[in-house]
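Report on the structure
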Amino acid sequence: MKKILGAPKSIRELFTGVKYSIHYYQREYQWQRKQIEELVEDLTGEFLEYYAETHERNEVEKYGHYFMGSVVLTEDENAIIDGQQRLTSLSLLLLFITKHLQDTNDKAEILNLIYSQKYGKTTFNINVEERAKCLEAIINDELFEPEGHPESVQNIWHRYNDIVELMIDAVPEDALPYFKDWLIDNVQFINSTIS
């Protein structure tokens with residue numbers, strides 16, 4: 001019998017120094033605009049419950065936590081068994097935030113959660129080869145034609161563009177660094193590992 005171990009983890013903890021694969025029997029990334037709208041509304045709404053323009057940035061540490069459910073991984077290969085829809089969507093939200101932050105240290109902090117470079121090669125922390133060109137186009141503000149690509153790639157491109165539309169007015173520009181801090185440290189999953 002397999003043993004399942006679980007512990008709460010923030011987005012920062014889930015994405016720091018780890019590469020994930022998608023387990024071979026997982027379905028495609030299938031989220032549609034409705035699910036992205038719900039995610040953005042839930043996260044920004046929760047954040048704005050705590051945020052005030054008068055707050056210093058370090059006060060974000062005292063903001064409440066938001067529980068995103070569980071993520072199930074295999075211990076041996078860090079393959080995502082359950083949770084790829086939410087993790088992929090959060091990666092796209094992090095990409096949007098990175099492009100709209102002014103501070104280079106804030107940008108670097110998030111980019112380290114999305115991808116890493118080694119010997120001039122970029123690999124994403126959710127490492128699925130067929131998605132790489134689409135994600136690189138997003139990072140580099142390049143045109144990308146999703147038609148003819150697998151369903152996951154098409155949905156990633158369209159959902160990122162949905163996030164752009166939804167996030168433009170969702171959080172005040174001055175609050176974006178606070179939202180970034182809250183998102184990566186106060187939004188949590190139960191990380192369950194099957195060994």
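All of the points below concern the structure found in this document. A quick note: this is a predicted structure, and the numbers were derived from the prediction, not measured.

1. Things to note about the packing of aromatic side chains
Under the defined criterion, the tally for this structure stands at 11 aromatic pairs. With 6.0 Å between their ring centres and 50° between their planes, Phe-47 and Trp-182 make a pair best called tilted. Taken together, the positions of Phe-47 in helix H2 (residues 33-50) and Trp-182 in helix H7 (residues 176-186) put the pair 135 residues apart, joining distant regions of the chain. Of the two residues, Phe-47 and Trp-182, both sit in the buried class. Taken together, a centroid distance of 5.4 Å and an interplanar angle of 45° make the contact between Phe-144 and Trp-157 tilted. Here the residue Phe-144 occupies a position in the loop between helix H5 (132-139) and helix H6 (151-167), and Trp-157 occupies one in helix H6, the gap between them amounting to 13 residues. Overall, Phe-144 belongs to the buried group, its relative accessible area being 15%. Through pairs of rings, three or more aromatic residues link up here, namely Phe-47, Tyr-50, Tyr-51, Tyr-63, Tyr-66, Tyr-178, Phe-179 and Trp-182.

2. A word on the environment of Glu-46
Within the secondary structure, Glu-46 sits in helix H2. A residue is classified by how much of its surface remains accessible, and Glu-46, at 23% relative accessible area, is partly exposed. Along the backbone, Glu-46 and His-65 are 19 residues apart, and their C-alpha atoms lie at a distance of 8.8 Å. When residues no more than four places from it in sequence are discounted, the contact partners of Glu-46 are His-65, Tyr-66 and Trp-182.

3. Focus: the side chain of Arg-159
In this fold, Arg-159 is placed in helix H6. By relative accessible area, Arg-159 is classed as buried at 7%. Every residue in contact with Arg-159, bar those within four places of it in the chain, is listed here: Tyr-29, Trp-31, Gln-32, Arg-33, Ile-36 and Leu-92.

4. What about the side chain of Arg-86?
With respect to the helices and strands, Arg-86 occurs in helix H3 (residues 84-100). A distance of 2.7 Å separates a polar atom in the side chain of Arg-86 from the backbone oxygen of Ser-70. When neighbours within four sequence positions are excluded, Arg-86 is seen to be in contact with Trp-31, Met-68, Gly-69, Ser-70 and Phe-189.

Basis of the calculations
- Residues numbered from 1 in each chain as written.
- Predicted model: local features only at pLDDT ≥ 70, side-chain atom pairs only at ≥ 80, totals over all residues.
- Heavy atoms only, no water.
- Phe/Tyr/Trp six-rings, centres within 6.5 Å; stacked < 30°, edge-to-face > 60°.
- Helix = DSSP H or I, 4+ residues; strand = E, 2+ residues; numbered from the N terminus.
- Buried < 20%, exposed > 50% of the residue type's maximum accessible area, 1.4 Å probe, protein only.
- Contact = heavy atoms within 4.5 Å.
- Polar contact = N/O pair within 3.5 Å; in protein donor to acceptor, adjacent residues only side chain to side chain.

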